[in-house]
Amino acid sequence: MTEGDAGGGPGSPRTYARRWLFLLAVSLLSCSNATLWLSFAPVAEVIAQHFFLSMEQVNWLSLIYFVVAIPGGIAAIWVLDSVGLRAATILGAWLNFLGSALRALPCMAVWIPSPFAFFMAGQSLCALAQTLVIFSPAKLAALWFPEHQRATANMIATMSNPLGILVANLLSPALVKKGEDIPLMLGVYIIPAGLACLLATTCIGESVPPTPPSAGAASSTSEKFLPGLWLLLRNKAYVILAMCFGGGIGVFSSFSALLEQILCASGYSSEFSGLCGALFIVFGILGALILGLYVDRTKHFTEATKIGLCLASLACLAFSLVAQLQGQAIVLAAICSLLGLFGFSVAPVAMELAVECSFPVGEGAATGLVFVLGQAEGVLIMVLLTALTVRRTDPSFSTCQHGEDSLDWTVSLLLMAGLCTLFTCVLVLFFHTPYRRLQAEYRGLPPPRMPTPALLDPLETPGFS
C-alpha cells in the first residue's frame, strides 16, 4: 500500500503506509526499554529491603545502562548501518523482552540463591537493547519518511524514551507499596516488552521500502562502517556538534539523575522532586512536538538548535541559583518546565542536524556517535558534580535520607550551569554547516520543489571532510 507518490514515474520517490507501523514498533520498544531502565529506582528502598541488597547494588541496576552504552554503542552503530534497520530492531526487541523476563525470574522461583545476579543480567540485556533502540529513530525517519515528515517521525520515536522514564517514575511507586508487590511490578513491565517484541518480529518485513521516499534515502549509508567513522572524525562541523550536544546530553542526564539529591538538600520533599522531574519530561515532549513540526516546515535545524540551547542555558543558570533557596517550589517547578521545554526538546532536531552535516555517512553512525559521547561525558560530569559537594556548616533543612542531610551543592550547580553555557557558546560561535542531505535531495528533484536560495547557499562554509 502506497501513498503520496511524489513524481508518478517508476523511479519517483514514494511513501508507504506501513512506515507508521514501523514507527509504532520502534516507539513502543523505546518506551518499554526506558521503563525497564528506571523501574527499580523509584522503589529502591523496598527492593533493597525485600531482597537484602545494599543501596549501591540497587543503584547499579540503573547505572549498568551507562556502562554498557559506551562499548555497546559502537557495536550498535555497525549493526544498524551494516546489517540493517529491521535486524537491529528485532534484535533490540528480543534483548529487551528476554531482559524483562530474566528480571522477573527471582520472583517466580524460590530456589534462586542470588536474585541480584538475575536482576543485573536482565538489566544488562536491556542495556544492550537500548543502544539499538536509541540510534534507530534518525535512520527510520531517513529510510521510510519523506523530507517533510522526517523531523516529526524522529521526534515521535525519540520522545518515546523520556515518556517511558515518566511512566516508570509514576507506575513503580503506584504498584509497589511493600515487598510482596514487587512480582506484580516486574510482571507488568514484561507486557509492553512482549508487545514490542511481537510487533517487531511479525510486522516488520524489510529494512528499506521498495522505493525510497526521497533522494537522501536512496543514498543512505553509502559509506561503509570504518570509512564512515573516519569521515565523521574529519568533519569539523560534526565534531563540534557531537562534542557540544554530547556535553549537553551529559548535563541533562546528570540533572535528571541528581535532581532529588539536589532538592532534598534544600528541604524539598521527594514527591516535589518527582513532580519537577515529570514537568521536565512532559514539557520536553511538548516542546519536541512543536519544534519537530516547525523544522519539518522550515528546515531551520541550526537556528532551532542554537536558540533552544541558549534558552536552556539560561534556565540551567536560574536553576543553579534558585535550587539553593528554601520555599521556592513554584519558581523551581517553572524553571524545570522551561529547562525541559527549551533543552530536552532540542534532542530530535539536533540528531537530524547531525545527519544533515555528515551526509552521506549512515544515520546510525552519525547519531550513535553523538549518543556514545553524550553517555561518556555524562558519566564524567556526574562524577565531577558529586565529587565537588561538601558538607554544610550552617543549619540544614535537608529532607535527604541515608545520612546525606548536609550536602552543599552550590559549587556543583554553578559548574553544571557553566558547562551548559560553555557547550552552548562553542556551538553557537563555531558550528556552521550546509544541509548536505537536503542539497542532494533537492538537486535530484524538479525545479518547483527547490528550496529558498538561503538553504542551498554554495558560499556557506562547510565542515571539511
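Note that the structure is a prediction, hence the values are computed from the model and not measured.

### Thoughts on the overall build of the chain
- When helices and strands are tallied, the chain shows 17 helices and four strands.
- Residue burial in the chain is summarised as follows: out of 465 residues, 55% are buried.
- Expressed as a percentage of contacts within the chain between residues at least 6 apart in sequence, the contacts between residues at least 24 apart total 81%.

### Observations regarding helix α3 (residues 55–83)
- Helix length check: α3 (29 residues) gives 40 Å between terminal C-alpha atoms against 42 Å at 1.5 Å per residue, within 8%.
- Where α3 bends most, at Ser62, the angle is about 45°.
- Gly84 sits one or two residues past α3 and shows a positive phi near 125°.

### Quick look at unusual backbone geometry
- A positive phi angle, near 55°, is found at Phe52, a position not held by glycine.
- Using a relative accessible area of 75% as the deciding quantity, one classes Phe52 as exposed.

### What to know about the environment of Gln328
- Here Gln328 lies in the loop between α12 (301–322) and α13 (329–344).
- Judged by relative accessible area, which is 27%, Gln328 ranks as partly exposed.
- Each C-alpha atom of the pair Gln328 and Ser266 lies 9.9 Å from the other, and the pair is 62 residues apart in sequence.
- Contacts of Gln328, omitting those with residues within four sequence positions, involve Tyr268 and Val322.

### Some remarks on the side chain of Glu377
- With respect to the helices, strands and loops of the structure, Glu377 is situated in helix α15 (residues 363–387).
- At 18 Å, Lys306 is the nearest oppositely charged side chain to Glu377, a buried residue that forms no salt bridge.
- A polar side-chain atom of Glu377 sits 3.3 Å from the main-chain amide nitrogen of Gly247.

### Some words on the environment of Val282
- One can find Val282 in helix α11 (residues 270–298).
- Residue class for Val282 comes out partly exposed when judged on its relative accessible area of 40%.
- The spacing of Val282 and Leu341 is 59 residues in sequence and 8.3 Å in space, taken between C-alpha atoms.

### Quick notes on the nonpolar core
- If you look at the biggest cluster of nonpolar residues, it comprises 144 residues, and the most contacted ones within it are Ile47, Met185, Tyr238, Phe245, Leu263 and Phe319.
- Ranked by the residues each element gives to this core, the list is headed by helix α10 (residues 236–264), at 15 residues.
- Contacts of Leu263, omitting those with residues within four sequence positions, involve Tyr268, Phe272, Ser273, Cys276, Phe319, Ala323 and Leu332.

### Observations regarding the packing of α10 against α13
- Two elements in contact, α10 and α13, have axes whose closest approach is 13 Å; the angle formed by their N-to-C orientations is 170°. What the angle tells us is that α10 and α13 run roughly antiparallel. Across from Phe252, Phe255 and Leu263 in α10, the residues of α13 making contact are Leu332, Cys336, Leu339 and Gly343.
- Among the residues forming the contact of α10 with α13, the class breakdown is six nonpolar, one polar and no charged.

### Things to note about a nonpolar patch on the surface
- On the surface, a nonpolar cluster with roughly 360 Å² of combined accessible area is contributed by Leu286, Leu289, Ile290 and Leu293.
- Residue position: Leu293 is located in helix α11.
- For Leu293, a relative accessible area of 45% puts it in the partly exposed group.

### Brief notes about the packing of aromatic side chains
- All chains considered together, the criterion is met by twelve aromatic pairs.
- Measuring from centroid to centroid gives 5.0 Å for Phe255 and Phe280, while their planes differ by 55°, and the two rings are tilted. Here Phe255 is found in helix α10, whereas its partner Phe280 is found in helix α11, with 25 residues between them in sequence. Pair check on accessibility: Phe255 and Phe280 agree, each one buried.
- By way of ring pairs, the aromatic residues Phe252, Phe255, Phe280, Phe319 and Phe344 are connected into one cluster.

### Here's the deal with the confidence of the model for the chain
- Chain-level statistics for the chain give a pLDDT mean of 81 and a share of 86% at 70 or above.
- At the level of individual helices and strands, the chain shows its lowest average pLDDT in strand β1 (residues 2–3), which scores 48, and its highest in helix α7 (residues 182–203), which scores 93.
- Below a pLDDT of 50 lies the segment residues 1–10, which in the model reaches 18 contacts outside its immediate sequence neighbourhood of four places, other chains included.
- Below a pLDDT of 50 lies the segment residues 445–465, which in the model reaches 32 contacts outside its immediate sequence neighbourhood of four places, other chains included.

### Quick notes on the pattern of salt bridges
- If you walk through the whole model with that rule in mind, you get five salt bridges.
- Across the pair Glu206 and Arg18 runs a salt bridge, and its minimum N-O distance is 2.4 Å. Residue Glu206 is found in the loop between α7 and α8 (215–218), and its partner Arg18 is found in the loop between β2 (15–16) and α1 (19–38); the two are separated by 188 residues along the sequence.
- Its relative accessible area of 27% is what places Glu206 among the partly exposed residues.
- Its salt-bridge partner being Glu356, residue Arg150 comes within 3.8 Å of it at the nearest N-O pair. With Arg150 in helix α6 (residues 150–175) and Glu356 in helix α14 (residues 346–358), this pair connects stretches of sequence that are 206 residues apart. The burial state of Arg150 is the same as that of Glu356; both residues are buried.
- A single salt-bridge network, built from bridges that share partners, covers Arg150, Glu352, Glu356 and Arg437.

### Here's the deal with α6
- For α6, which comprises 26 residues, the first-to-last C-alpha distance of 37 Å matches the rise-based estimate of 38 Å (1.5 Å per residue) to within 8%.
- Taken as a whole, α6 carries its principal kink of about 30° at Ser160; the proline Pro162 stands between one and four residues after it.

### A few points about the packing of α3 against helix α5 (residues 115–144)
- Two elements in contact, α3 and α5, have axes separated by 7 Å at closest approach and are oriented at 40°. Put simply, α3 runs oblique to α5. Between α3 and α5 the crossing geometry is right-handed.
- Of the residues in the contact of α3 with α5, the class split is 18 nonpolar, eight polar and two charged.

Each value, and the rule that gives it
- Residues numbered from 1 in each chain as written.
- Predicted model: local features only at pLDDT ≥ 70, side-chain atom pairs only at ≥ 80, totals over all residues.
- Heavy atoms only, no water.
- Helix = DSSP H or I, 4+ residues; strand = E, 2+ residues; numbered from the N terminus.
- Buried < 20%, exposed > 50% of the residue type's maximum accessible area, 1.4 Å probe, protein only.
- Contact = heavy atoms within 4.5 Å.
- Expected span 1.5 Å × (residues − 1).
- Bend = angle between axes of the 7 residues up to and from the residue.
- Lys, Arg positive; Asp, Glu negative; His and termini not counted.
- Salt bridge = Lys/Arg side-chain N within 4 Å of Asp/Glu carboxyl O.
- Polar contact = N/O pair within 3.5 Å; in protein donor to acceptor, adjacent residues only side chain to side chain.
- Core = buried A, V, L, I, M, F, W, Y, C linked by side-chain atoms within 4.5 Å.
- Axes fitted to C-alpha atoms, helices over the stretch in contact; angles between N-to-C directions.
- Parallel < 35°, antiparallel > 145°, perpendicular 65-115°, else oblique.
- Nonpolar A, V, L, I, M, F, W, Y, C, P; charged D, E, K, R; others polar.
- Patch = residues over 30% accessible without salt bridge, like charges linked within 9 Å, V, L, I, M, F, W, Y side chains within 5 Å.
- Areas by Shrake-Rupley, 256 points an atom, 1.4 Å probe, with all protein chains shown as cover.
- Phe/Tyr/Trp six-rings, centres within 6.5 Å; stacked < 30°, edge-to-face > 60°.
- pLDDT = per-residue confidence, 0-100.
- Left-handed = near helix turned anticlockwise from the far one by under 90°.

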